[in-house]
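Single-letter residue listing:
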Amino acid sequence: MRLRAGSAVRLVVWTAVLAAAAMAAGALIKGPLGGYYFRLLILSGIAVVAAVSLNIINGFSGQFSLGHAGFMLVGAYASAGITLFAHHSINRAFDAVGLPAGARTPVEFAIAMIAAAAAAGAVGLVVGLPSLRLRGDYLAIATLGFGEGIRSIFVTVDALGGASGLHDIPEYTTLTWVVLAAIGVVMMSRNLALSTHGRALFAIREDETAAQAVGINTFKYKVLAFVIAAAWAGIAGALLAHSDKNIDPRSYSFMKSIEIVVMVVLGGMGSVTGAVIAAIGLTWLPELLRAAAVYRMVFYSALLIVMMIVRRQGLFGRAELSIRWMAETLRRMTSRALGERR
Amino acid sequence: MALLEVDRCTVAFGGLIALDEISLKVEQGEIVGLIGPNGAGKTTVFNMITGVYKPAKWRTMTSETESARQVLPTARKRVHYGDIVFDGKSIRHLQPYEIASRGIARTFQNIRLFNNLSVLDNVRSACHVHAKTSIPGAILRTEAYQKDERRILKSAVHLLHVFGLGKYKDEMAGSLAYGEQRRLEIARALAVEPKLLLLDEPAAGMNAQETRELAELIKQVRDDFGLTVLVIEHDMRVIMSICNRIYCLDYGEVIAHGTPDEIKNDPRVIEAYLGEG
């Protein structure tokens, strides 16, 4: 695999620039914004990672997974396992290689997140291999069962923390990490969608029989989408655990999976941009509705219902927000306006 | 040797024998017709060749195995599946996508396009078999990946032009007119770069003019792409004008095969279509 020199450099430069920008922005806005809104910012970033990754399964490949919170939980535990219990041995290894003090926390957290992605991805493979033979409603039920099952395991097995979960997890999650993860999952989704592999997923969504007839290994691609999405959900879980500073397995319930599904549906199944916007919007909306006090959730559900009636295909349908798309829309709107005047 | 050879294959749905020890041969470069009354099992033949249905096992009751059974008790369990040989290799055990990548592409009786993808992407998604880049390569947009995508785009656009669909390339496939959808489905099948093309009632629902154009197109495509074609069709004008040979099916059995002239005058074919005279 050879990267073109230009594109490799561009990738590194952009990542560095964005990381620096996020770091600077984090430092600048944390004070004036206050802890509450800053935390909402972090949570919306984590929601973006979760929603955009679920979009790979539900939006791209047209399968229906209701177990995303389960993969987040696996990632949360895997990463906390590293930062809580392997902390000292990792630091000893850092001593051995002489890693400077400032780089230790980021490297340790990076290791924890890779572990989270690997663990959640592996569980995704184990769950996906049998359950992706099912279709539609049956798959939804199977993934729902997985999500609830994995939560029950963590709640009941005392060696894994039991019902009280895990505590005293270091607060490693910064705005920089969240932004980097969000950009990572968006870039990956977009590049996948533009490639022959993305088209294979879309073909499966449209017509599985026809997809097979043109030589697409539908089962392989469904499993692949499932594993990629699970791995990113694991990263979202790792970020959440290291922002919450604890893991309460009960909060990674079926309702959380539903929340992520709602983000994907509301944004428009298959639209990465839609998933991003909906994830941010739905994280802030309940908070902004706090003025409505006890009627908050009533408003929230009413808004969702209205949204689905007015725009069933979701905010973006399958469109993506790009410079070309904006230019086309602008051109269409102006030509229509001019046409009306004539 | 024949490009495709189906040797005594049976397909059963529960107790219903849909295909009863079917045998047929398609030679390289031929256009072979598959005709027969409704429910004769024509589409089942396609589904069997493309791996959607697997041939069922059946027990030979020939004297040869009968005598073998007396010698070897285990021979009792000997069952046969028949065989489907394509391009010199058996494809009986393969999955539909593997059969497609070996070089058999098809269209469907009730058009099955990827309706919410653009016309271009319908064809491009069928270029998948010949795409070379790995998933990490696609995510990192390596040089090889970009080159591969450019090649796919070029061949897809070329195919669309051959089928007169170039101007619709950014339209959704589902929004095309019926005749254009039929043509797009053939274009998509050709993007697999098949050796054998299976067409399931390509002229269904077309008017006389469109039907004539389609017949020409099939012949042209056979010549230009060096294809072999197996076609199911009810329109006898199409069948008689393009086919080198014809198989006639009735109740899951081949009741006649031969040249168009032979088939036209075959009493069994006439009986199957019109009933006893």
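Residues numbered from 1 in each chain as written. Chains lettered and ligands numbered in written order. Predicted model: local features only at pLDDT ≥ 70, side-chain atom pairs only at ≥ 80, totals over all residues.

1. Here we look at the overall build of chain A
Reasoning step 1: Each helix and strand in chain A was counted, giving 13 helices and zero strands.
Reasoning step 2: From first element to last, N terminus to C terminus, chain A shows the α and β order α-α-α-α-α-α-α-α-α-α-α-α-α.
Reasoning step 3: Rg of the C-alpha trace for chain A: 21 Å, near the compact-globule value of 20 Å for 342 residues, within the 12% margin.
Reasoning step 4: Along the longest, intermediate and shortest principal axes, the C-alpha atoms of chain A span 75 × 55 × 50 Å.
Reasoning step 5: Looking at chain A residue by residue over its 342 residues, the buried ones come to 45%.
Reasoning step 6: Within chain A, contacts between residues separated by at least 24 positions form 84% of all contacts whose residues are at least 6 apart in sequence. (Helix = DSSP H or I, 4+ residues; strand = E, 2+ residues; numbered from the N terminus. Rg over C-alpha atoms; globule rule 2.2 N^0.38 Å. Buried ≥ 20, exposed ≤ 12 C-beta atoms within 10 Å, placed from the backbone. Contact = placed C-beta atoms within 7 Å.)

2. Quick word on the overall build of chain B
Reasoning step 1: In terms of regular secondary structure, chain B is built from eleven helices and ten strands.
Reasoning step 2: Seen through its principal axes, chain B has C-alpha atoms that stretch 65 × 50 × 35 Å.
Reasoning step 3: When burial is assessed residue by residue, chain B has 44% of its 277 residues classed as buried.
Reasoning step 4: Excluding contacts between residues fewer than 6 apart, the proportion of contacts in chain B whose partners are at least 24 apart in sequence is 66%.

3. Quick look at the interface of chain B and chain A
Reasoning step 1: Each partner contributes residues to the interface: chain B has 37 residues there, and chain A has 27 residues.
Reasoning step 2: For the side of chain B that touches chain A, the elements supplying multiple residues, two or more each, are α3 (96-102), α4 (119-126), α5 (135-140) and α6 (143-162) of chain B.
Reasoning step 3: With six residues, the single largest contributor to the side of chain B that touches chain A is α5(B).
Reasoning step 4: Among the residues making up the side of chain B that touches chain A, the classes are represented as 19 nonpolar, ten polar and eight charged. (Nonpolar A, V, L, I, M, F, W, Y, C, P; charged D, E, K, R; others polar.)

4. Describing the nonpolar core
Residue and element names in this part refer to chain A.
Reasoning step 1: Within the largest apolar cluster, 179 residues are counted, with the highest numbers of intra-cluster contacts made by V49, A51 and I235.
Reasoning step 2: Per-element accounting of this core gives the leading share, 17 residues, to helix α9 (residues 218-244).
Reasoning step 3: Setting aside anything within four residues of it in sequence, one finds A51 in contact with I260, M263, V264, A275, A278 and A279. (Core = buried A, V, L, I, M, F, W, Y, C linked by C-beta atoms within 7 Å.)

5. Description of the packing of helix α7 (residues 196-206) of chain A against α9(A)
All names here are of chain A.
Reasoning step 1: Remark: α7 packs on α9, axes separated minimally by 10 Å, with the N-to-C direction vectors making an angle of 110 degrees. The orientation of α7 with respect to α9, classified from their angle, is roughly perpendicular. In contact with A200, L201 and I204 of α7, α9 contributes T218, Y221, K222 and A225. (Axes fitted to C-alpha atoms, helices over the stretch in contact; angles between N-to-C directions. Parallel < 35°, antiparallel > 145°, perpendicular 65-115°, else oblique.)

6. As for the sheet that holds strand β7 (residues 196-200) of chain B
Residues and elements named next belong to chain B.
Reasoning step 1: Judged by pairing direction, the sheet is mixed, and its six strands sit side by side in the order β6-β7-β8-β3-β9-β10 without closing on themselves. Each having just a single partner strand, β6 (104-106) and β10 (253-258) make up the two edges of the open sheet. Neighbour-to-neighbour, the strand axes of the sheet open up by a mean angle of 20 degrees, direction not taken into account.
Reasoning step 2: Two strands pair when backbone bridges link them, and strand β9 (residues 245-250) and β10 are joined in this way by five bridges, in the antiparallel orientation. Residue Y247 lies in a different strand from β10, and its bridge partner there is H257. (Pairing = 2+ DSSP bridges.)

7. Comments concerning the packing of helix α6 (residues 175-194) of chain A against α9(A)
Residues and elements named next belong to chain A.
Reasoning step 1: Packing of α6 against α9 brings their axes to within 11 Å, and their N-to-C directions diverge by 170 degrees. Taken together, α6 and α9 sit at an angle that is classed as roughly antiparallel. Here α6 contributes W177, V178, A181 and V185 to the contact with α9, which in turn contributes W232, I235 and L239.
Reasoning step 2: Classifying every residue of the contact of α6 with α9 gives seven nonpolar, no polar and no charged.

8. Looking at the environment of Y247(B)
All names here are of chain B.
Reasoning step 1: With respect to the secondary-structure elements, Y247 resides in strand β9.
Reasoning step 2: Given 25 C-beta atoms within 10 Å, Y247 falls into the buried group.
Reasoning step 3: Note: C-alpha distance between Y247 and V119 (128 residues apart in sequence) is 34 Å.
Reasoning step 4: Setting aside residues no more than four positions away along its own chain, Y247 makes contact with L24, V32, L34, V254 and H257.

9. Topic: unusual backbone geometry
Reasoning step 1: The backbone of K245(A) sits at a positive phi, close to 70 degrees, despite the residue not being glycine.
Reasoning step 2: One can find K245(A) in the loop between α9 and α10 (254-267).
Reasoning step 3: Residue classification places K245(A) among the partly exposed positions, given that 15 C-beta atoms sit within 10 Å.
Reasoning step 4: The backbone of E21(B) sits at a positive phi, close to 45 degrees, despite the residue not being glycine.
Reasoning step 5: What makes E21(B) partly exposed here is the crowd of 17 C-beta atoms within 10 Å.

10. Thoughts on the environment of E216(B)
Residues and elements named next belong to chain B.
Reasoning step 1: If you trace the backbone, E216 turns up in helix α8 (residues 208-225).
Reasoning step 2: A residue is classified by how many C-beta atoms lie within 10 Å of it, and E216, with 12 of them, is exposed.
Reasoning step 3: Each C-alpha atom, one on E216 and one on G36, is 23 Å from the other, the two residues being 180 residues apart in sequence.

11. Section: α10(A)
Residues and elements named next belong to chain A.
Reasoning step 1: Helix length check: α10 (14 residues) gives 20 Å between terminal C-alpha atoms against 20 Å at 1.5 Å per residue, within 8%.
Reasoning step 2: Looking only at α10, the buried set comprises S257, I260, M263, V264, V265, L266 and G267.
Reasoning step 3: Where α10 terminates, the next one or two residues include G268, which has phi positive at roughly 110 degrees. (Expected span 1.5 Å × (residues − 1).)

12. Considerations on the pairing of strand β8 (residues 228-232) of chain B
Residues and elements named next belong to chain B.
Reasoning step 1: Counting buried residues in β8 gives five out of five residues, a clear majority hidden from the surface.
Reasoning step 2: Side-chain alternation along β8 places T228, L230 and I232 on one buried face and V229 and V231 on a second face that is also buried.
Reasoning step 3: Strand direction decides the pairing type here: strand β3 (residues 31-35) and β8, joined by four bridges, are parallel. Note on β8: the bridge partner recorded for I31 is V229.

13. Re the sheet that holds strand β2 (residues 16-26) of chain B
Strands pair in a sheet through their backbones, by hydrogen bonds, and they do so in one of two ways: parallel or antiparallel.
All names here are of chain B.
Reasoning step 1: Read from one edge to the other, the open sheet built from four strands follows the order β2-β1-β4-β5, with strand pairing classed as antiparallel. Each edge of the open sheet is held by one strand with a lone partner, namely β2 and β5 (89-90).
Reasoning step 2: With four bridges joining them, strand β1 (residues 4-13) and strand β4 (residues 83-86) adopt antiparallel strand pairing. Bridged to V6 within β4 is I84.
Reasoning step 3: This element, helix α1 (residues 42-49), spans β1, β2 and β4 of the sheet and lies at about 70 degrees to β2.

14. Re the confidence of the model for chain B
All names here are of chain B.
Reasoning step 1: Looking at chain B as a whole, its pLDDT mean stands at 88, while 91% of the residues score no less than 70.
Reasoning step 2: A low-confidence stretch, residues 60-69 stays under pLDDT 50, and its non-local contacts, those more than four residues away or across chains, total eight contacts.
Reasoning step 3: Note that residues 71-77 has pLDDT below 50 and, in this model, four contacts with residues that lie over four places away or in other chains.
Reasoning step 4: Across the assembled chains, the prediction reports ipTM 0.89 with pTM 0.89. (pLDDT = per-residue confidence, 0-100.)

15. Thoughts on the pairing of β3(B)
The side chains of a regular strand alternate between the sheet's two faces.
Residue and element names in this part refer to chain B.
Reasoning step 1: Counting buried positions along β3 yields five of five residues, so the element is predominantly enclosed.
Reasoning step 2: Burial of the side chains of β3 extends over both faces: I31, G33 and I35 are buried on one face and V32 and L34 on the other.
Reasoning step 3: Note: β3 against β9, four bridges, orientation parallel. Across the sheet, the residue bridging to V32 is R245, located in β9.

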